[in-house]
Amino acid sequence: MSDSTQTAAKIPVVVNGALGKMGRAIVKAIAEADDMTLVGAIDRNPKLIGEDIGEVIGIGPLEIPVLNDLEATLVSAQSEAPSGGSAVMVDVTHPDSVYGSVRAALAYGVRPVVGTTGMSNQQIQDLAEFADKASTGCLLIPNFSIGMVLLQQAALQAAAYFDHVEIIELHHNQKADAPSGTAVKTAQMLSELNKSYNPPQVEETEKMTGARGSQTEDGVRIHSVRLPGLIAHQEVIFGAAGQSYTLRHDTSDRVCYMPGVLLSIRRVLPLKSLVYGLDKIL
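Computed from a predicted structure; not experimentally measured. (Residues numbered from 1 in each chain as written. Predicted model: local features only at pLDDT ≥ 70, side-chain atom pairs only at ≥ 80, totals over all residues. Heavy atoms only, no water.)

Colleague: Which parts of the structure should I look at to understand the overall build of the chain?
Modeller: Counting secondary structure elements, the chain contains nine helices and 12 strands. Compactness check: the chain gives a C-alpha radius of gyration of 20 Å against a globular reference of 19 Å for 282 residues, within 12% of the reference. Judged by the C-alpha coordinates and their principal axes, the chain covers about 70 × 40 × 30 Å. The 282 residues of the chain split such that 47% are buried. Partitioning the intrachain contacts of the chain with sequence separation of at least 6 by distance along the chain shows that 71% fall at a separation of at least 24. (Helix = DSSP H or I, 4+ residues; strand = E, 2+ residues; numbered from the N terminus. Rg over C-alpha atoms; globule rule 2.2 N^0.38 Å. Buried < 20%, exposed > 50% of the residue type's maximum accessible area, 1.4 Å probe, protein only. Contact = heavy atoms within 4.5 Å.)

See below:
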């Protein structure tokens, strides 16, 4: 096989939010992947527009400039896709902009892999309908860590035996949305058992608003912590008479997300609709 054929067979990928901490790690992972090629790096930082993304993040030149024109980059990326194939956009930006970016990608036939959380249920439903009409795959992945998927599966098993459960999620203090998408996804999975949690034992009074955290319709409490020095952490604590059972996942380096990111890029290609959660593609 010629070098040109090998290059053409690679998945063209655009990273939206390329200069953030996650974006930088994703750019590096894509550059090292044998079956992918970085074709776009989008970011809003005006000081670095036009600079080579590889040079900026310290991995050497990639000949891909940092740009702030997502739509033009999506058009260019799709033109580089193999015949009958699609380009992929990985979005790790901000809750305020992610919905518009994903809609744009779907409109141009580029398949979104979305790590940004904070969209409303209505926005997610709108994107699901748009993806269905376009017959274009889209992955919403609140957490790319395989370890978190295992925690959620263990929580689902435990919930069959415990009626009392609370979730504590802890993140760095630059995270814009709370609770985290991962905590929301975990609570949604617990709701699949169609049971109520945390039946009241006393009439509670909050001396300070929010002291008991947020609460889902079926009673699961979610508490959010934001501190410098943290990356991403989650505990699911179950309680019953005379015992408690705690599940915890800690992220010490964003490198733990990269296998899930690369897997998502590969798995989104044959999809024809929106899929929510890494567990759905493992």
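Colleague: Is there a simple way to think about the nonpolar core in this case?
Modeller: Most often, soluble globular proteins keep nonpolar side chains buried together rather than apart. Judged by nonpolar contacts, the single largest core of 38 residues is most densely connected at Ile26, Ile30, Met36, Ile53 and Ile265. Mapped onto this core, the elements with two or more residues apiece are β1 (11-16), α2 (21-32), β2 (36-42), α3 (53-57), β4 (88-91) and α9 (258-267). By size, the runner-up hydrophobic cluster in this structure holds 23 residues, among which are Val39, Leu70, Ala77 and Met89. (Core = buried A, V, L, I, M, F, W, Y, C linked by side-chain atoms within 4.5 Å.)

Colleague: Where do I start with the sheet that holds β4 in this structure?
Modeller: If you walk across this open sheet you meet the seven strands as β3-β2-β1-β4-β5-β6-β12, and the pairing is parallel. Because the sheet does not close on itself, it has two edges, and the strands there are β3 (66-67) and β12 (274-276). Two strands pair when backbone bridges link them, and β2 and β3 are joined in this way by two bridges, in the parallel orientation. When the sheet's bridge partners are listed, Ala41 is paired in β3 with Val66. (Pairing = 2+ DSSP bridges.)

Colleague: Is there a simple way to think about the sheet that holds strand β7 (residues 164-171) in this case?
Modeller: The pairing of strands in a sheet comes from backbone hydrogen bonds and takes either a parallel or an antiparallel form. The five strands lie next to each other as β8-β9-β7-β10-β11, forming an open sheet whose pairing is mixed. Strands at the two margins of the open sheet, each flanked by one partner only, are β8 (214-215) and β11 (243-251). Bridge count for β8 against strand β9 (residues 221-226) is two bridges, and the pairing is antiparallel. From the neighbouring strand, Gln215 faces β9, where its bridge partner is Arg221. Against the sheet, helix α7 (residues 146-159) touches β10 (232-240) and β11, its axis set at about 165 degrees to β11. Packed onto the sheet, helix α8 (residues 181-191) meets β7, β9 and β10 and runs at close to 165 degrees relative to β7. (Axes fitted to C-alpha atoms, helices over the stretch in contact; angles between N-to-C directions.)

Colleague: I would appreciate a short explanation of the pairing of strand β5 (residues 111-114) in the present structure.
Modeller: Two faces make up the sheet, and in a regular strand the side chains alternate between them. Along β5, one buried face is formed by Arg111 and Val113 and the opposite face, lined by Pro112 and Val114, is buried too. One ladder, built from two bridges, connects β5 with strand β6 (residues 138-140); its direction is parallel. Of the residues in β6, the one forming a bridge with Val113 is Leu139. In the classification by handedness, the crossover that spans β5, the intervening helix α6 (residues 121-134) and the parallel β6 is right-handed. (Right-handed = clockwise from strand over helix to strand, strands pointing away.)

Colleague: Mind showing me how you'd approach empty space enclosed by the protein here?
Modeller: A probe as big as a water molecule, rolled over the atoms, marks out the empty space that is left. Applying the stated criterion across every chain, the model contains two cavities of 30 Å³ or more. In this structure, the largest cavity encloses a volume near 60 Å³. Lining the largest cavity, in full, are Pro142, Asn143, Ser145, Met148, Val149, Gln152, Thr182, Lys185, Gly277, Leu278 and Asp279. Breaking the lining of the largest cavity down by element, the ones donating at least two residues are α7 and α8. For the lining of the largest cavity, the element with the highest residue contribution is α7, accounting for three residues. Its residues assigned to classes, the lining of the largest cavity comprises four nonpolar, five polar and two charged. Its boundaries defined by the atoms lining it, the second largest cavity holds a volume of some 40 Å³. No other element matches β10, which puts three residues into the lining of the second largest cavity. Partitioning the lining of the second largest cavity into residue classes produces two nonpolar, seven polar and no charged. (1 Å grid on protein atoms, 1.4 Å probe; cavity = no way out; pocket = protein on both sides within 12 Å on 5 of 7 lines; lining within 4 Å. Points joined across faces, edges and corners; volume = space filled by probe spheres on them. Nonpolar A, V, L, I, M, F, W, Y, C, P; charged D, E, K, R; others polar.)

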